[in-house]
Amino acid sequence: MKLVTVVIKPFKLEEVREALSDIGITGLTVTEVKGFGRQKGHAELYRGAEYNVNFLPKVKIDLAISDEQLDEVISTIAKAAHTGKIGDGKIFVTSLDHVVRIRTGETDDSAL
Ligand SMILES: Nc1ncnc2c1ncn2[C@@H]1O[C@H](COP(=O)(O)OP(=O)(O)OP(=O)(O)O)[C@@H](O)[C@H]1O
Ligand SMILES: [Mg+2]
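Residues numbered from 1 in each chain as written. Chains lettered and ligands numbered in written order. Predicted model: local features only at pLDDT ≥ 70, side-chain atom pairs only at ≥ 80, totals over all residues. Heavy atoms only, no water.

Trainee: Describe the site of ligand 1, with residues and values.
Mentor: Inspection of the region around ligand 1 gives 13 residues, with Gly 35, Arg 38, Gly 87, Gly 89 and Lys 90 positioned closest. A distance of 2.7 Å separates an oxygen atom of ligand 1 from a polar atom in the backbone of Gly 89. At a separation of 2.8 Å, an oxygen atom of ligand 1 approaches a polar side-chain atom of Lys 90. Across the shell around ligand 1, the residue classes tally to four nonpolar, five polar and four charged. (Near = heavy atom within 4 Å. Polar contact = N/O pair within 3.5 Å; in protein donor to acceptor, adjacent residues only side chain to side chain. Nonpolar A, V, L, I, M, F, W, Y, C, P; charged D, E, K, R; others polar.)

This is the structure we're talking about:
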């Protein structure tokens, strides 16, 4: 299993959610976050040494999926979240060891 964490522009959330729903994703978690990438939001030199970084509002989506779903999930998100302008965001993939569906006690792939 994989845990896919995606940071996108907030106005792209609905499009990404719809696209994921269309490929059969049954659950995800959304969090409003702040962050910066290579442009550091708006980097400024401060007193010659420190950088004053502007955090920009972003939306983070976490979804736990099976290994087989990974390629389709990545391409679907990359397509739906793409504008071609800076700040489109990133997709992070990590291995997921264990999942428990609390109501039923099912585990791992059956619990997704
Ligand atoms: N290396 C990173 N680790 C954790 N979060 C990151 C990382 N890079 C980007 N992010 C998150 O993704 C958001 C969007 O990043 P962004 O798309 O601006 O990356 P970038 O590398 O600057 O690419 P681009 O040049 O297209 O803007 C950031 O605001 C931050 O929340
Ligand atoms: Mg950037």
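Trainee: Let's hear about the packing of aromatic side chains: which residues, and what values?
Mentor: Per the stated rule, a full pass over the model turns up one aromatic pair. On the numbers, 5.7 Å between centres and 55° between planes, the contact of Phe 36 with Phe 55 is tilted. Of this pair, Phe 36 sits in the loop between strand 2 (29-35) and strand 3 (44-46) while Phe 55 is found in the loop between strand 4 (50-52) and strand 5 (56-65), placing the two residues 19 residues apart along the sequence. (Phe/Tyr/Trp six-rings, centres within 6.5 Å; stacked < 30°, edge-to-face > 60°. Helix = DSSP H or I, 4+ residues; strand = E, 2+ residues; numbered from the N terminus.)

Trainee: Account for the pattern of salt bridges, naming residues and giving values.
Mentor: Per the stated rule, a full pass over the model turns up six salt bridges. Ionic pairing is found between Arg 17 and Glu 14, a salt bridge with its closest N-O pair at 2.5 Å. On the criterion of helical spacing, the pair formed by Arg 17 and Glu 14 is a turn pair, its members being three residues apart in helix 1 (residues 13-22). Residue classification places Arg 17 among the partly exposed residues on the basis of a relative accessible area of 36%. A salt bridge links Lys 60 to Asp 62, with the nearest nitrogen and oxygen atoms 3.9 Å apart. (Salt bridge = Lys/Arg side-chain N within 4 Å of Asp/Glu carboxyl O. Buried < 20%, exposed > 50% of the residue type's maximum accessible area, 1.4 Å probe, protein only.)

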